[in-house]
Amino acid sequence: MNRSKLESYMGFAAKSRNMVTGYNTCLLMMKKRQIKLLVIASDLSDNTKKKMLEQCAAGRVKYRIFADAESLSKMTGKKGKGLFGITDMHFAEIIETEIDRIQSEREVF
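Everything numeric here is computed off the predicted structure, so don't read it as measured data.

Draft legend 1. Seen up close, the overall build of the protein. Summing up its helical and strand segments, the protein has five helices and four strands in all. When its helices and strands are written in sequence order, the protein yields α-β-α-β-α-β-α-β-α. Overall, the C-alpha framework of the protein stretches about 35 × 30 × 25 Å when taken along its three principal axes. Here the protein holds 109 residues, and 42% of them are scored as buried. Looking at the protein alone, contacts between residues at least 24 apart form 80% of all its contacts between residues at least 6 apart.

Draft legend 2. Structural detail: the state of the cysteines. Scanning the model with the defined rule gives zero disulfides in all. Between Cys-26, a free cysteine, and Cys-56, which holds the nearest cysteine sulfur, the sulfur-to-sulfur gap is 9.0 Å. Taking the relative accessible area as the measure of exposure, Cys-26 reaches 0% and is therefore buried.

Draft legend 3. Geometry of the pattern of salt bridges. Enumeration according to the criterion identifies seven salt bridges in this entry. One salt bridge in this structure joins Asp-100 and Arg-64, with 2.6 Å as the shortest N-O distance. Residue Asp-100 is found in helix H5 (residues 89–108), and its partner Arg-64 is found in strand E3 (residues 62–65); the two are separated by 36 residues along the sequence. On the basis of relative accessibility, which here comes to 32%, the residue Asp-100 falls in the partly exposed class. Lys-74 is the partner of Glu-70 in a salt bridge, and the nearest nitrogen-oxygen pair spans 3.4 Å. Of this pair, Glu-70 and Lys-74 both sit in helix H4 (residues 69–76), four residues apart, roughly one helical turn.

Draft legend 4. How the structure looks around the side chain of Lys-49. In this structure, Lys-49 sits in helix H3 (residues 46–59). Among buried Asp, Glu, Lys and Arg side chains, Lys-49 stands out as unpaired, with Asp-46 the closest opposite charge at 4.2 Å.

Draft legend 5. The arrangement of the side chain of Glu-98 in detail. Mapped onto the elements, Glu-98 comes out in helix H5. We classify Glu-98 as buried; its relative accessible area is 7%. Not counting the four nearest positions on each side in its chain, Glu-98 is found in contact with Lys-5, Leu-6 and Tyr-9.

Draft legend 6. Quick peek at the packing of helix H2 (residues 23–31) against H3. Contact geometry of H2 with H3 gives a least axis separation of 10 Å together with a crossing angle of 15 degrees. Viewed along their axes, H2 and H3 adopt a mutual orientation that is roughly parallel. The two elements H2 and H3 meet at a crossing, and its hand is left-handed. Between H2 and H3, the contacting residues are Tyr-23, Cys-26, Leu-27 and Met-30 on the first element and Thr-48, Lys-51, Met-52, Gln-55 and Cys-56 on the second. Considering only residue class, the contact of H2 with H3 consists of six nonpolar, two polar and one charged.

What counts as what
- Numbering of residues starts from 1 in each chain and follows the order in which that chain's sequence is written.
- For this predicted model, a pLDDT threshold of at least 70 governs which residues receive local features, and a threshold of 80 or more governs which side-chain atom pairs are given and counted, while totals over whole chains, interfaces and linings are taken from all residues.
- No hydrogens and no water enter the side-chain calculation; it runs on all heavy atoms of the structure.
- Only DSSP runs of H or I reaching four residues or more are called helices, and only runs of E reaching two or more are called strands; each is numbered from the N terminus.
- Buried, partly exposed and exposed residues are distinguished by accessible area as a fraction of the type maximum, computed with a 1.4 Å probe on protein chains only: under 20%, between the cut-offs, and over 50%, respectively.
- The criterion used for residue contact is that any of the two residues' heavy atoms lie within 4.5 Å.
- Criterion for a disulfide: a pair of cysteine sulfur atoms within 2.5 Å.
- A side-chain nitrogen of Lys or Arg and a carboxyl oxygen of Asp or Glu constitute a salt bridge if their distance falls within 4 Å.
- Charge counting follows a simple rule: Lys and Arg are positive, Asp and Glu are negative, and His as well as the terminal groups are ignored.
- The convention used is that axes are lines fitted to C-alpha atoms, helices contributing only their stretch in contact, and that angles between N-to-C directions extend from 0 to 180 degrees.
- Note that the term roughly parallel is reserved for angles under 35 degrees, roughly antiparallel for angles over 145, roughly perpendicular for angles of 65 to 115, and oblique for everything else.
- In a left-handed crossing the near helix is turned counterclockwise from the far helix by less than a right angle, and in a right-handed crossing that turn is clockwise.
- The classification used treats Ala, Val, Leu, Ile, Met, Phe, Trp, Tyr, Cys and Pro as nonpolar, Asp, Glu, Lys and Arg as charged, and all other residues, Gly among them, as polar.

As structure tokens, this is what we get:
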């Protein structure tokens, strides 16, 4: 599993302040239309996922449900987070493409 590219991009987005994390911050930034892509940890509660997906639909925000909170937290250096809002369009596109690539490789095997 080659996650290194995705890890790099997630790390860069976090370091360059093109990422917001956590439930309330992501909600607020979605309302302000600042989030271009929301990465949701697969192990969040169903209720949290449902609420965030409703917000994504309402605000027309792209999202991906991917990996667990621990893996995503390691990638970004943000401990104990399960929601990652990418605020830069360029990072959002690259990260979305990488997640889609990793997920499509998973389905093949």
